[in-house]
Amino acid sequence: DCIPAVQSDLPVILDGTGAVIPMVDSAVGASQPLLIERLGERREALASQEAELDMRLTLVEAAEKRLDQRTAELKALEARIGAMVDQQKADEREQFVSLVAMYETMKPKEAALIFDALDLPVLVRVAQAMSPKKMGPIMAKMDPNKAKSLTSLLVAAETPQPEVAQVGAGELPQIVGQ
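It should be emphasised that the depicted structure is a prediction, and the values quoted were computed from it without experimental measurement.

Here is what the cut-offs are and how they apply
- Residues numbered from 1 in each chain as written.
- Predicted model: local features only at pLDDT ≥ 70, side-chain atom pairs only at ≥ 80, totals over all residues.
- Heavy atoms only, no water.
- Axes fitted to C-alpha atoms, helices over the stretch in contact; angles between N-to-C directions.
- Helix = DSSP H or I, 4+ residues; strand = E, 2+ residues; numbered from the N terminus.
- Parallel < 35°, antiparallel > 145°, perpendicular 65-115°, else oblique.
- Left-handed = near helix turned anticlockwise from the far one by under 90°.
- Contact = heavy atoms within 4.5 Å.
- Nonpolar A, V, L, I, M, F, W, Y, C, P; charged D, E, K, R; others polar.
- Core = buried A, V, L, I, M, F, W, Y, C linked by side-chain atoms within 4.5 Å.
- Buried < 20%, exposed > 50% of the residue type's maximum accessible area, 1.4 Å probe, protein only.
- Salt bridge = Lys/Arg side-chain N within 4 Å of Asp/Glu carboxyl O.

**Student:** I tried to follow the packing of helix H3 (residues 108-117) against helix H5 (residues 132-141) on my own but got confused; where do I start?
**Tutor:** For any two helices packed against each other, the geometry comes down to the angle between their axes and how far apart the axes lie. Contact pair H3 / H5: the axes reach a minimum separation of 8 Å and the direction vectors enclose 65°. With respect to H5, the axis of H3 lies roughly perpendicular. Like other packed secondary-structure pairs, H3 and H5 cross with a definite hand, here right-handed. Across the interface between the two elements, Pro108, Lys109, Ala111, Ala112 and Phe115 from H3 touch Met135, Pro137, Ile138 and Lys141 from H5. Class assignment of the residues belonging to the contact of H3 with H5 gives a composition of 7 nonpolar, no polar and 2 charged.

Quick look at the structure:
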């Protein structure tokens, strides 16, 4: 059942009579050195290609490392800027609170003179931050027209505005013609 062992480098098969014959003829055997040479050239080309791919991989890894470092630097910078912005906002809040406290300690007549000269948006912000007990006497001493405008703006700021429904293009009813 087994093919008898043959002392040859060529693969063999059994023919119909049971004789062992080589799978390739002698002409193919003669081209074997040429085939080996081409395989060697192909192996060298593949080795060269592998070396080039290794070099590219090294370059890509180095670029990724630089990008990671740059991303980390940018995140650290972003965190520092965020902290600075938060600190500035806190300083501004603190300054505004001290300004409100200053107006609350002033005599109502003196504060009313200043409030009459302030722009309405600034005045509304200050009035909202002040205690109503302190703001009442000041408004009583203010110019009546300015006090009226301030009152209207304070009420408007306190009144919640109705929400306007936003309708997207996909939510609109479809118009069907006849």
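What follows picks up the thread again.
**Student:** Explain the nonpolar core to me, please; I cannot follow it from the model alone.
**Tutor:** Generally speaking, a soluble globular protein has its nonpolar side chains buried in company with each other. Phe115, Val126, Met130, Ile138, Met142 and Leu150 are the most contacted members of the largest nonpolar core, which totals 18 residues. It is helix H4 (residues 120-129) that provides the largest number of residues to this core, a total of 4 residues. Non-local contacts of Phe115, meaning those with residues more than four positions away in its chain, are made with Tyr103, Leu123, Val126, Met130, Met135, Ile138, Met142 and Lys146.

**Student:** Would you mind showing me how to read the pattern of salt bridges here?
**Tutor:** Any two side chains of opposite charge can pair, so long as their charged atoms come close to each other. Counted according to the given criterion, the structure contains 2 salt bridges. With a shortest N-O distance of 2.8 Å, Arg56 and Glu52 are connected by a salt bridge. Of this pair, Arg56 and Glu52 both sit in helix H2 (residues 32-105), 4 residues apart, which is roughly one turn of that helix. Residue Arg56 is classed as partly exposed on the basis of its relative accessible area of 47%. Under the relative-accessibility criterion, Glu52 is labelled partly exposed at 37%. A salt bridge links Arg70 to Glu73; its shortest N-O distance comes to 3.4 Å. Linking Arg70 with Glu73, this pair stays in helix H2, spanning 3 residues, or about one helical turn.

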